[in-house]
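Chain residues, written in single-letter form:
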Amino acid sequence: MEKKVKLKTVNPHICCTLCKGYLVEATTITECLHTFCKSCIVGYLKKEKNCPKCDILIHQSHPLNYISHDRTMQDIVYKLVPNLQEKEKKRRQEFASKHGLSEEVKEEPPCQSNEKEKEDEGADKDYHRNDEQVNLCLECKGNLKHLKKKYLRISSQATICHLKKFLALKVFNDISKYGDVEILCNDELLGKSHTLKFVAVTRWRVKDVPLTLHYRKKTIDL
């Protein structure tokens, strides 16, 4: 027997505590897993360094590098709230029309955005050595080339996209083929915008053991 639940009972879990509205472009802080609208949390972290909900310190100098798009949460919100996705799409189209844009405003892919920021920050050239580090093990799953050195220690800010490019260079000797590589954790396909910190906190439950990820050739889309 199905039990119906009123939307207001789940509102506290699918609303942004900054704007008090339903989550749009849900974005999660990797340090504490609290979620907000992307525009809300990005605007907030340009001035602050702590989570607005639990007050935990996100990062002393680069808090914006410790947030990640939460597609799963956004899908849940769109399924629970009638017509929200359609209204948001219409709002974006009206914004584009009002400001004379020929196309609907599109979000820049997280991987490209992060890389652009790193290029702009090239003055420090510390290559994130001062960041929190993650011990990583990359195992081959399939018939791709095995790595000679499968254990790595890299910044927790690194994304799956960065790993895919690293693997493409090692396996195919061509970084442009990173789209042909898939990375999994516990047999779950990982999104390219996920940081290793986010993966370690949400997907890897084993402590004191390197985060183990498997890579394989991209499966054919049927």
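Just above, that's the structure.
The residue numbers shown here count from 1 along each chain, following its written sequence. Only residues with pLDDT of 70 or above have their local features reported here, since the model is predicted, and side-chain atom pairs are shown and tallied only from 80 upward, although totals for entire chains, interfaces and linings are computed over all residues. Note: side-chain values were computed over all heavy atoms of the structure, leaving out hydrogens and water.

J.: So, the side chain of S156: which residues are in play, and what are the values?
T.: Every helix listed is a DSSP run of H or I at least four residues long, and every strand listed is a run of E at least two residues long, numbered separately from the N terminus. Along the chain, S156 turns up in the loop between β5 (151–155) and α6 (160–171). Note on S156: relative accessible area 1%, which makes it buried. Here, two residues are considered to be in contact whenever any of their heavy atoms come within 4.5 Å of each other. Ignoring sequence-local partners within four residues, the contact set of S156 consists of Y66, E132, Q133, V134, T195, L196 and K197. Think of it in three bands: residues with accessible area under 20% of the maximum for their type are buried, residues over 50% are exposed, and the middle band is partly exposed, with areas taken using a 1.4 Å probe on protein chains only.

J.: Before we move on, can you summarise the environment of L138 with the specific residues and values?
T.: Residue position: L138 is located in strand β4 (residues 133–140). Relative accessible area serves as the criterion here: at 2%, L138 is assigned to the buried category. Placed 12 residues apart in sequence, L138 and K150 show a C-alpha to C-alpha distance of 5.1 Å.

J.: I'd like a description of the sheet that holds strand β2 (residues 35–37), backed by residues and values.
T.: Across the sheet, which stays open at both edges, the 3 strands sit in the order β2-β1-β3 with antiparallel pairing between neighbours. Here the strands that pair on one side only, and so sit at the sheet edges, are β2 and β3 (67–69). Going from strand to strand, the sheet's axes swing by 35 degrees on average, the running direction of each strand aside. The criterion for strand pairing is that DSSP finds at least two bridges linking the strands in question. Where strand β1 (residues 26–29) and β2 come together, 3 bridges link them in antiparallel fashion. The partner of A26 across the bridge, within β2, is C37. Here an axis means a line fitted to C-alpha atoms, over the contact stretch when the element is a helix, while the angle between two N-to-C directions is reported on a 0 to 180 degree scale.

J.: Residue-level account of the sheet that holds strand β7 (residues 188–189), with values.
T.: With respect to topology, 5 strands assemble into an open sheet ordered β5-β4-β8-β6-β7, the strand pairing being mixed. Every interior strand has two partners, whereas the edge strands, β5 and β7, have only one. Relative to β5, β4 is paired through 5 bridges, and the arrangement is antiparallel. Pairing of Q133 across the sheet is with S155, part of β5. Contacts between α6 and the sheet are confined to β4, β5, β6 (181–185) and β8 (211–217), with β6 contributing the most and set at about 125 degrees to the helix.

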